[in-house]
Amino acid sequence: MLNRRKQTAVGELVRDDLEVLPLMNLFVVLIPMLLLSAVFVEMSVIRMNLPFEVATEEQNEIDGIEENLLLAVTIREEQFVIEGKMIPTTAVPRGGENERRELQAALESVAGAHPENEEIMIIAEAETKYDTIIGVMDVVRAAGLPQISLLGANHR
Amino acid sequence: MIRHKSKRKRRNIGKPQKLRITSMMDILTVLLLFLLKSFVAEGEVVTPVPGVELPVSASKDQPVATLVVAVSETDILLGSELISTVREVIEGTGMKIEPLAARLAEAKEKQDEIAALRGTPNDDSEGQITIQGDREIPFQVLQKVMYTCQQSGFASISLAVIKI
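These numbers come from a predicted model, not from an experiment. (Residues numbered from 1 in each chain as written. Chains lettered and ligands numbered in written order. Predicted model: local features only at pLDDT ≥ 70, side-chain atom pairs only at ≥ 80, totals over all residues. Heavy atoms only, no water.)

1. Notes on the pattern of salt bridges
As a reminder of what qualifies: A carboxyl oxygen of Asp or Glu within 4 Å of a side-chain nitrogen of Lys or Arg is what we treat as a salt bridge. Elements are defined by DSSP. Helices are runs of H or I of four residues or more, strands are runs of E of two residues or more, and each kind is numbered from the N terminus. Residue burial is assigned from relative accessible area. The probe radius is 1.4 Å, only protein chains are included, and a residue is buried under 20% of its type maximum, exposed over 50%, and partly exposed in between.
The tally for this structure, following the rule as stated, stands at eight salt bridges over all chains. Taking the shortest distance from any N to any O, the salt bridge between B:Glu106 and B:Arg103 comes out at 2.6 Å. Residue B:Glu106 and its partner B:Arg103 are both found in helix H4 (residues 98-118); the two are separated by three residues, about one turn of the helix. The class for B:Arg103 is partly exposed, based on a relative accessible area of 24%. One network of salt bridges, with partners in common, ties together A:Asp131, B:Glu53 and B:Arg135.

2. Let's talk about the interface of chain B and chain A
It is common to give the size of an interface as the accessible area that goes away when the parts come together. Selection criterion: What makes two residues a contact is simply this: any of their non-hydrogen atoms within 4.5 Å. For any pair of parts, buried area is found by adding up, for both, the accessible area (1.4 Å probe) each one loses once the two are put together. All amino acids are sorted into three groups, where Ala, Val, Leu, Ile, Met, Phe, Trp, Tyr, Cys and Pro are nonpolar, Asp, Glu, Lys and Arg are charged, and the leftover types, Gly among them, are polar. Strand pairing is defined by DSSP finding a minimum of two bridges between the two strands.
At the junction of the two partners, chain B supplies 58 residues and chain A supplies 51 residues. Each partner contributes to the roughly 5,000 Å² buried at the junction of chain B and chain A, and carbon and sulfur atoms together form 62% of this total. Here chain B and chain A share three salt bridges between them. Taking the shortest distance from any N to any O, the salt bridge between A:Arg47 and B:Asp61 comes out at 4.0 Å. Residue assignment for the side of chain B that touches chain A shows that the elements contributing at least two residues are helix H1 (2-14), helix H2 (22-42), strand E1 (56-57), strand E5 (128-133), helix H5 (139-151) and strand E6 (156-163) of chain B. Tallied by class, the residues present in the side of chain B that touches chain A amount to 31 nonpolar, 15 polar and twelve charged. Looking at chain direction, strand E1 (residues 43-49) of chain A and E6(B) are connected through seven bridges and run antiparallel. For A:Asn49, the partnering residue across the bridge sits in E6(B) and is B:Ser156.

3. Focus: the nonpolar core
Let me state the cut-off plainly: We define the nonpolar core as a collection of buried residues of types Ala, Val, Leu, Ile, Met, Phe, Trp, Tyr and Cys that are connected through side-chain atoms lying within 4.5 Å of one another.
Counting 51 residues, the largest nonpolar core has A:Ile82 and B:Val145 as its most contacted members. Ranked by residue count, the leading element in this core is helix H5 (residues 130-142) of chain A, at seven residues. Ignoring any residue separated from it by four or fewer positions in sequence, one finds A:Ile82 in contact with A:Leu71, A:Ala72, A:Val73, A:Ile87, A:Pro88, A:Thr89, A:Thr90, A:Val92, A:Leu103, A:Ala106, A:Leu107 and A:Val110. Residues A:Val20, B:Met25, B:Leu32 and B:Leu35 belong to the second largest nonpolar core, which totals eleven residues.

Printed below as a string of structure tokens:
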């Protein structure tokens, strides 16, 4: 009887759990630290290349776009205006919730009619918000016009 | 035998039971590995500048480590150094922002020197600059900043945005 008891005691000792408390302590410190330093907002960039010699907008406008569609979208306070050679000027009213979708639909119809054209100019006014410009750039790219030029409307 | 077993059970009732944390350990291990991985993979290439609320875009281009010009609603910073204020820029005539141009020229000189010492003039980061602009800044400020960067030899401009 006594002998058997001893045996079970030894068995219990072997079956015992691992001593994980020190590891727990380590995790408790490490995890909050890593969580604090983790980046949850992923950043990306929009790359732009500016011409080196002359960077004035007038030059951009002249640069090798004679036979082109000269497609441009102007961001005005109350509407987006899509203009170009050989296409009807279209105005998309702004302020609505679907302004971006409507602009995209209008641009897609233009891009569909002229599939060879990949260039578009975005003309912004002096007071146009940066956010709006980035938004329009996204829409334009989504509409299949990846070659974007950024110009300023004459505000002087 | 049966009596003996039940006796033992009864004896265990009074004893303090050990906390079973093995499953929690599993969770923590996975979490730890995941966080460590994201920590290493991200690398802090571009850190958002405090006070600047970046616009949101669908662009997928990866940011690169470059010089950063931050334009908040009130100030213009190069790195962490205050260069000018937005109001001064709006009121200023001409496209060039003089204080920014001066600092950029210095930075460019330094970059060129380093490139010359290294013997690799066509470094990838050369002539590159990242603009972190607040979503509320007017286009005329952005235009002037971009123009100044270009005039100072930084023609490859990245506009920092937050990925959707």
